[in-house]
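Each chain is listed here by its residues.
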Amino acid sequence: MEGPGTLGSFLEKNGCRIETVELEAGDRLPENAGDCRLVIILGGPMNVYEENKYPFLRDELSFIESCVKSGTKVLGLCLGGQLIARALGAKVTENTVKEIGWFDIGLTDAGKSSPLFAGLPEKLKVFQWHGDRFDIPEGGIHLARSGLCENQAFLYENTALALQFHVEIEGADDVGEWCREYREELERENGKNALAEIIASTQKEMPALAPLANRFYKNILHWVGCTD
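These figures come from a predicted structure and were not determined experimentally.

A. Representation of the packing of helix 6 (residues 183-190) against helix 7 (residues 194-224). For the pair helix 6 and helix 7, the least separation of the axes is 9 Å and the interaxial angle reads 90 degrees. Put simply, helix 6 runs roughly perpendicular to helix 7. Contacts from Arg-183, Leu-186 and Asn-190 of helix 6 reach helix 7 at Ala-194, Leu-195, Glu-197 and Ile-198. Looking at the contact of helix 6 with helix 7 residue by residue, the class counts come to four nonpolar, one polar and two charged.

And the structure:
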């Protein structure tokens, strides 16, 4: 599983206590979802429909359902967003192409008016690494799209926020680690020079993403009710 990156650092700097649970390593989920102010479901290399290979995914899906029922805010990033969609009854299927690298996303009309994206531009470039896509669950509000993947973000009952993209990456070292770990997939999809190209793109794009990510995180704190 990927770590919380800049989102975790931001929350800690703002006085939030963070408890990290690694289900793949055998950690246990909290017994009561209502004890949490915000649950963040991070990314990972597995697919949401691989419950037989990764049995902990069933527990994760059940916990997400509990969060929604209890009104606990839940934020999903990439795989985490797909898990939220599946927990809410929406399909998660293979995308037509894999999005690996830096891509533009655009806010929908609902996204432009959403407090969750307040202060952000209508179009922004973000980091992506996914081959699957989620449908919008019934009752969900479509917030963002990209040219290669229509559903990039949705909000459900003002409780569950799912993102297909990554805002939490820390920089070229962070991305480089992902690229080296999954180099075979990267070069198969993006070519033999993909590692150097993505690191160069990350060095170029991070100065613009960093302040936008911080603004998004402030919006998340407001959403959770941790700010005035």
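B. Inspection of helix 5 (residues 172-181) at higher detail. If you check which residues of helix 5 are buried, you get Ala-172, Asp-174, Val-175, Gly-176, Trp-178 and Cys-179. The secondary structure elements touched by the buried residues of helix 5 are strand 4 (123-134), helix 6 and helix 7.

C. Quick look at the pairing of strand 2 (residues 73-77). Judged by how many residues are buried, strand 2 sits mostly within the fold: five of five residues are covered. Along strand 2, one buried face is formed by Lys-73, Leu-75 and Leu-77 and the opposite face, lined by Val-74 and Gly-76, is buried too. In this structure, strand 1 (residues 38-41) lies alongside strand 2, joined through four bridges in parallel fashion. The residue bridging Ile-41 from the neighbouring strand is Gly-76, located in strand 2. For the segment spanning strand 1, helix 2 (residues 56-70) and strand 2, crossover handedness is right-handed. Pairing between strand 2 and strand 7 (residues 160-163): four bridges, direction parallel. In the sheet register, Leu-77 faces strand 7, and the bridge partner there is Leu-163.

D. Spotlight on the packing of aromatic side chains. Applying the stated criterion across every chain yields a total of nine aromatic pairs. Ring centres of Phe-10 and Tyr-217 lie 5.5 Å apart, and the angle between their planes is 50 degrees; on these two criteria the pair is classed as tilted. You can see Phe-10 sitting in helix 1 (residues 5-13) and its partner Tyr-217 sitting in helix 7, a full 207 residues away along the chain. With relative accessibility at 1%, the residue Tyr-217 sits in the buried group.

E. Here's a closer look at the side chain of Lys-73. You can see Lys-73 is positioned in strand 2. Look at Lys-73: it is buried, it has no salt bridge, and the nearest opposite charge is Glu-157 at 9.9 Å. Polar contacts involving the side chain of Lys-73 include one to the main-chain carbonyl oxygen of Asn-158, which spans 2.5 Å. Excluding its chain neighbours within four sequence positions, the residues that come into contact with Lys-73 are Arg-37, Leu-38, Val-39, Asn-158, Thr-159, Trp-223 and Val-224.

Cut-offs used in this document
- Residues numbered from 1 in each chain as written.
- Predicted model: local features only at pLDDT ≥ 70, side-chain atom pairs only at ≥ 80, totals over all residues.
- Heavy atoms only, no water.
- Axes fitted to C-alpha atoms, helices over the stretch in contact; angles between N-to-C directions.
- Helix = DSSP H or I, 4+ residues; strand = E, 2+ residues; numbered from the N terminus.
- Parallel < 35°, antiparallel > 145°, perpendicular 65-115°, else oblique.
- Contact = heavy atoms within 4.5 Å.
- Nonpolar A, V, L, I, M, F, W, Y, C, P; charged D, E, K, R; others polar.
- Buried < 20%, exposed > 50% of the residue type's maximum accessible area, 1.4 Å probe, protein only.
- Pairing = 2+ DSSP bridges.
- Right-handed = clockwise from strand over helix to strand, strands pointing away.
- Phe/Tyr/Trp six-rings, centres within 6.5 Å; stacked < 30°, edge-to-face > 60°.
- Lys, Arg positive; Asp, Glu negative; His and termini not counted.
- Salt bridge = Lys/Arg side-chain N within 4 Å of Asp/Glu carboxyl O.
- Polar contact = N/O pair within 3.5 Å; in protein donor to acceptor, adjacent residues only side chain to side chain.

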